[in-house]
There are 2 protein chains.
Amino acid sequence: MDAPQSNAQPRILEVRQGLLKANDLLARELRDEFQRAGLFVVSLVSGPGAGKTELLVQTLAGLAARSRRVAAVVGDLATENDARRLAAAGVPARQITTGGLCHLEAQMVRRAVEGWNLGELDYLFIENVGNLVCPASFDLGEHLRVLLFSVTEGEDKPLKYPSLINTVDVVLIAKIDLAEAVGFDRDLARRNIAEARPPAVVLEVSARTGSGLDDWIKLLENRRGLRT
Amino acid sequence: MDAPQSNAQPRILEVRQGLLKANDLLARELRDEFQRAGLFVVSLVSGPGAGKTELLVQTLAGLAARSRRVAAVVGDLATENDARRLAAAGVPARQITTGGLCHLEAQMVRRAVEGWNLGELDYLFIENVGNLVCPASFDLGEHLRVLLFSVTEGEDKPLKYPSLINTVDVVLIAKIDLAEAVGFDRDLARRNIAEARPPAVVLEVSARTGSGLDDWIKLLENRRGLRT
């Protein structure tokens, strides 16, 4: 029973590495292209329902209020709900449906931005599929990778998903308005994040109350200033 | 750039199908073994932080109060936190750490239950890795597969994860005590579940307040009665 599996494993690894290398090359090309266009690209990763889309709606509104030109591509296994939510907020948005794949890849991003004049944009946001595992290995050409943990998920998630958290620059503790209702221990969560990913910047935000969003927008503006 | 990927895809599929077939055969053997031992096996799947472990703690306590003999195996990419939480509740519990793999497989379950006298147990619970994609294709030999959606994840998750929801028998709408605080629309969620998975039984539960747990325990007892 075990034999076919132990034979199979190395082949999967080999093929995966081939896929990853092609993805990395394409991601590098994309990043160069974004850079030349003066575009700052931010990707969001999280588990399902941590609130990426709602945060994105608020973030795009905050940047638009500062006259920044923004666009978004959003990934999901199925449905176009998220792109519709963003489009309803008046933002150029495109949906990538992965048809079962649990992460976005650089080629999907490239196809999604085709036809957009990148030089006319200041920010592009990429919302990955809601998954704390699969997106870890796929560079999407972004400048900044942001992980959302919602307070409703508990304090130990940073320790449970080491591969993904090790690829991120910023951790947002989301739905902070619910912290008290769910008995969320902020200090413990921050200790766990610091242990799992020491260099990550950590912010507490609530898309619903607006708490922490100013700091988040400032962070985006600062990081963009450094890159463009 | 695309060539190596399009060549590679069929090989991955082929190898995956080999893996799946071996897993299915082993899962069938496991199910036979569980059945012979008079053991009813329930697996729990959900996204990260939907509350599987806390529900499990309450479920095991509820069954123990009815003199049922219970045990649990819990899967995670890393950490043994969950097994510790269950063991603290006085339940035989073993942790499977998958080392990066985003789902459990039948062989991991077989290894985890080695040495337990299955004939002395009434229920075995298997808590899968927190992931709404990867566990879909892997039969673990369970009799009942239960999906938890937390009200904090939003109403549209049943439509966004079609492959997984199509493998489950029961959907628990979890953390129902937070429904009002997060503006959760129960009717919409139930419509979405019914659309995605018409035959699923749907229950609303809260591990914190105990709401709905009686119905959940009754469901477990009824299903076990039908199988043993």
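Attention here is on the structure that accompanies the text.

So, how was this worked out
- Residues numbered from 1 in each chain as written.
- Chains lettered and ligands numbered in written order.
- Predicted model: local features only at pLDDT ≥ 70, side-chain atom pairs only at ≥ 80, totals over all residues.
- Heavy atoms only, no water.
- Least-squares fit on C-alpha atoms with pLDDT ≥ 70 in both.
- Contact = heavy atoms within 4.5 Å.
- Helix = DSSP H or I, 4+ residues; strand = E, 2+ residues; numbered from the N terminus.
- Salt bridge = Lys/Arg side-chain N within 4 Å of Asp/Glu carboxyl O.
- Buried < 20%, exposed > 50% of the residue type's maximum accessible area, 1.4 Å probe, protein only.
- Axes fitted to C-alpha atoms, helices over the stretch in contact; angles between N-to-C directions.
- Parallel < 35°, antiparallel > 145°, perpendicular 65-115°, else oblique.
- Left-handed = near helix turned anticlockwise from the far one by under 90°.
- Nonpolar A, V, L, I, M, F, W, Y, C, P; charged D, E, K, R; others polar.

Brief notes about the relation of the copies chain B and chain A
- In the superposition of chain B on chain A (RMSD 0.0 Å, axial shift 0.0 Å), the rotation amounts to 180 degrees. Given the turn and translation reported, the copies of this chain are related as if by a two-fold rotation axis.
- When the interface residues of chain B are mapped onto chain A, 100% of them again fall at the interface, so both copies present the same face.

Considerations on unusual backbone geometry
- Even without being a glycine, T79 of chain A presents a positive backbone phi close to 75 degrees.
- If you trace the backbone, T79 of chain A turns up in the loop between strand 2 (70-76) and helix 3 (81-88).

Comments concerning the pattern of salt bridges
- Under the criterion given, the structure shown has 29 salt bridges over all chains.
- Across the salt bridge formed by E54 of chain A and R85 of chain A, the nearest N and O atoms sit 3.2 Å from each other. Highlighted residues: E54 of chain A in helix 2 (residues 52-65) and R85 of chain A in helix 3, separated in sequence by 31 residues.
- For R85 of chain A, a relative accessible area of 37% corresponds to the partly exposed category.
- One salt bridge connects D156 of chain B with K160 of chain B, and the closest N-O pair in it is separated by 3.5 Å. Pair check on accessibility: D156 of chain B and K160 of chain B agree, each one buried.

Quick look at helix 4 (residues 106-113) of chain A
Residue and element names in this part refer to chain A.
- Within helix 4, 6 of the 8 residues are buried, which leaves it mostly tucked inside the rest of the structure.
- Every buried residue of helix 4 is accounted for by A106, Q107, M108, V109, A112 and V113.
- A positive backbone phi angle near 95 degrees is found at G115, which sits one or two residues after helix 4.

Thoughts on the packing of helix 2 (residues 52-65) of chain B against helix 3 (residues 81-88) of chain B
All names here are of chain B.
- Where helix 2 contacts helix 3, the axes come no closer than 10 Å and their chain directions differ by 25 degrees. Taken together, the axis directions place helix 2 and helix 3 in an arrangement best described as roughly parallel. When you trace helix 2 past helix 3, the crossing you get is right-handed. Of the residues in helix 3, those touching helix 2 at T53, E54, L56, V57 and L60 are D82, R85 and L86.
- A class-by-class count of the residues in the contact of helix 2 with helix 3 yields 4 nonpolar, 1 polar and 3 charged.

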